[in-house]
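Breakdown of the fold
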Amino acid sequence: MHNNSRRNFIKQSAIAGAGLVFAARGISNASLADSSTTFSLPALPYKYEELEPHIDALTMQIHHSKHHQAYVDNLNKALKDVTTTYKTIEEILKNISKHTAAVRNNGGGHYNHTLFWKLMKPNGGGTPTGSLSDAINTTFGDFEKMKQLFNDAAKSRFGSGWAWLIKNAEGKLEITSTPNQDNPLMDVAEKNGKPILALDVWEHAYYLKYQHKRADYVAAWWNVLNWDEAAKNFAA
Ligand SMILES: [Fe+2]
């Protein structure tokens, strides 16, 4: 295949609202080399201050408009050197071992935060319902036990990273954590599966309000959890 053809990027988002913009510039037989796709920062489904008092407005503003924006910008830059054709961000993540640290860190950063924003909402919290609740009870005994294990994963992740509730290839729920901006979709992850819950435990997610008290932030996060979104992740 000619190099120019291989440069053709067709990456369409499989996560609704992922902020992936498909720029169909020059998608034609004549000029495949001109085609490009850029990712963009997704809008939050609530205002920065609406997760108060559990997550403060300034943290949300900086986290979304600065940190997430930087992952998006740096991902777009890093992808300029990638010559493989991918259809989705998930495909990139599943093949992440073939790519640079810049693609891994920023691709993970974009995917993880997109998921994270949607998993929170004002007046969230409560307990899971329906088939997700059934699966949690079957796997962990009850919701409180799952919550305890998830909190342990979040608190014990050394340095920066994420805690996850995932559905593995067998359809079973598992709790795991990843360093940096890695996630369970990546082929380099310790445990693979589809994210159901995602919690950012980087200091940038909590330090302004909670300082060194990560455990307090983790406990507060359950009050803004959007279980409807978690149920969608589980059903998908
Ligand atoms: Fe973050």
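In the block above lies the structure referred to throughout.
Each chain has its residues counted from 1, running along the sequence as written. Local features in a predicted model are, by the rule used here, given only for residues with pLDDT of at least 70; side-chain atom pairs are given and counted only at 80 or more, and totals for whole chains, interfaces and linings are based on all residues. Hydrogens and waters are ignored; side-chain quantities use all the structure's heavy atoms.

Another point: the coordination of the iron ion. In this listing, donors mean N, O and S atoms no farther than 2.8 Å from the metal, or 3.2 Å for Na, K and Ca; water is missing from the atoms, so a site can look incomplete. Around the iron ion, the donor atoms from the protein are H63 (NE2), H113 (NE2), D200 (OD) and H204 (NE2), and they sit 1.9 to 2.1 Å away. Each label reflects the angles at the metal, where four donors whose angles all fall between 85 and 135 degrees are tetrahedral, four or six donors whose opposite pairs open beyond 155 degrees and whose other angles stay between 65 and 115 are square planar or octahedral respectively, and the rest are irregular. Considering all four donor atoms around the iron ion, angles at the metal cover 90 to 137° and the coordination shape is irregular. Sequence positions of the residues that donate to the iron ion give the spacing H-x49-H-x86-D-x3-H. Classification of D200 as buried rests on a relative accessible area of 0%. Taking relative accessible area as the criterion, H204 reaches 17% and is therefore assigned buried. Each residue gets one of three labels from its accessible area relative to the maximum for its type: buried under 20%, exposed over 50%, partly exposed in between, using a 1.4 Å probe on protein chains only.

On to the side chain of N76, then. Under the scheme used here, helices are H or I runs from DSSP no shorter than 4 residues and strands are E runs no shorter than 2 residues, and both carry numbers assigned from the N terminus. Relative to the helices and strands, N76 is located in helix 2 (residues 57-79). N or O atoms closer than or at 3.5 Å make up a polar contact, with two conditions inside protein: a donor-capable atom paired with an acceptor-capable one, and, for residues adjacent in sequence, both atoms drawn from side chains. For N76, the side chain forms a polar contact with the main-chain nitrogen of F39, separated by 2.8 Å. If we skip the residues at most four places from it in the chain, N76 touches T38 and F39. We call two residues contacting when some pair of their heavy atoms lies within 4.5 Å.

Between the rings of Phe, Tyr and Trp (Trp by its six-membered ring), a pair exists once the centres lie within 6.5 Å; its type follows the angle of the planes, with under 30 degrees stacked, over 60 edge-to-face, and the other angles tilted. In this structure the tally under the stated criterion is eleven aromatic pairs. Ring geometry for F150 against W221: centres 5.6 Å apart, planes inclined by 10°, an arrangement best described as stacked. Residue F150 is found in helix 6 (residues 143-156), and its partner W221 is found in helix 8 (residues 214-221); the two are separated by 71 residues along the sequence. By relative accessible area, W221 is classed as buried at 0%. A centroid spacing of 5.6 Å and a plane angle of 25° characterise the contact between W162 and W164, whose relative ring orientation is stacked. W162 gets classed as buried once you look at its relative accessible area, which sits at 0%.

Take the sheet that holds strand 5 (residues 194-200) next. Pairing is antiparallel across the open sheet formed by three strands, whose spatial order is 4-3-5. Edge positions in the sheet fall to strand 4 (173-179) and strand 5, since each has one partner strand and no second. Averaged over all neighbouring strand pairs, the angle between strand axes comes to 25°, with direction disregarded. To obtain an axis, a line is fitted to C-alpha atoms, over the contacting stretch when the element is a helix, and the angle between two such axes runs from 0 to 180 degrees between their N-to-C directions. In this fold helix 4 (residues 101-118) packs onto strand 3 (161-167) and strand 5, with an angle of close to 85° to the strand it touches most, strand 5. Here the rule is simple: two strands pair whenever DSSP picks up at least two bridges between them.

Another point: the packing of helix 5 (residues 130-140) against helix 6. What describes two packed helices is the angle between their axes and the distance between those same axes. Packing of helix 5 against helix 6 leaves a shortest axis separation of 8 Å and a crossing angle of 75°. It follows from the interaxial angle that helix 5 and helix 6 lie roughly perpendicular. Taken together, the residues of helix 6 that come into contact with helix 5 (itself represented by I136, N137 and F140) are F143, K145, M146 and L149. Residues belonging to the contact of helix 5 with helix 6 are distributed by class as follows: five nonpolar, one polar and one charged. Orientation categories follow fixed angle ranges, with anything under 35 degrees roughly parallel, anything over 145 roughly antiparallel, 65 to 115 roughly perpendicular, and all other angles oblique. Under this grouping Gly is polar, as are all residues other than the nonpolar Ala, Val, Leu, Ile, Met, Phe, Trp, Tyr, Cys and Pro and the charged Asp, Glu, Lys and Arg.

Attention now moves to a nonpolar patch on the surface. Taken together, the side chains of L58, I62 and L208 define a hydrophobic patch exposed on the protein surface, amounting to about 250 Å² of accessible area. Position of I62 relative to the elements: it lies in helix 2. Overall, I62 belongs to the partly exposed group, its relative accessible area being 31%. Without a salt bridge and with relative accessible area above 30%, a residue can belong to a patch; like charges are then joined within 9 Å and nonpolar side chains (Val, Leu, Ile, Met, Phe, Trp, Tyr) within 5 Å. Using a 1.4 Å probe, the Shrake-Rupley method yields the accessible areas, and only the shown protein chains count as cover for residues. For this document, the term salt bridge refers to a Lys or Arg side-chain nitrogen within 4 Å of an Asp or Glu carboxyl oxygen.

This part is about unusual backbone geometry. Residue E52 is joined to P53 through a cis peptide bond whose omega torsion reads 0°. Looking at the secondary structure, you find P53 in the loop between strand 2 (38-39) and helix 2. In this model, N123 sits at a positive phi of 55°, which is unusual for a non-glycine residue. Tracing the backbone through its elements, the reader meets N123 in the loop between helix 4 and helix 5.

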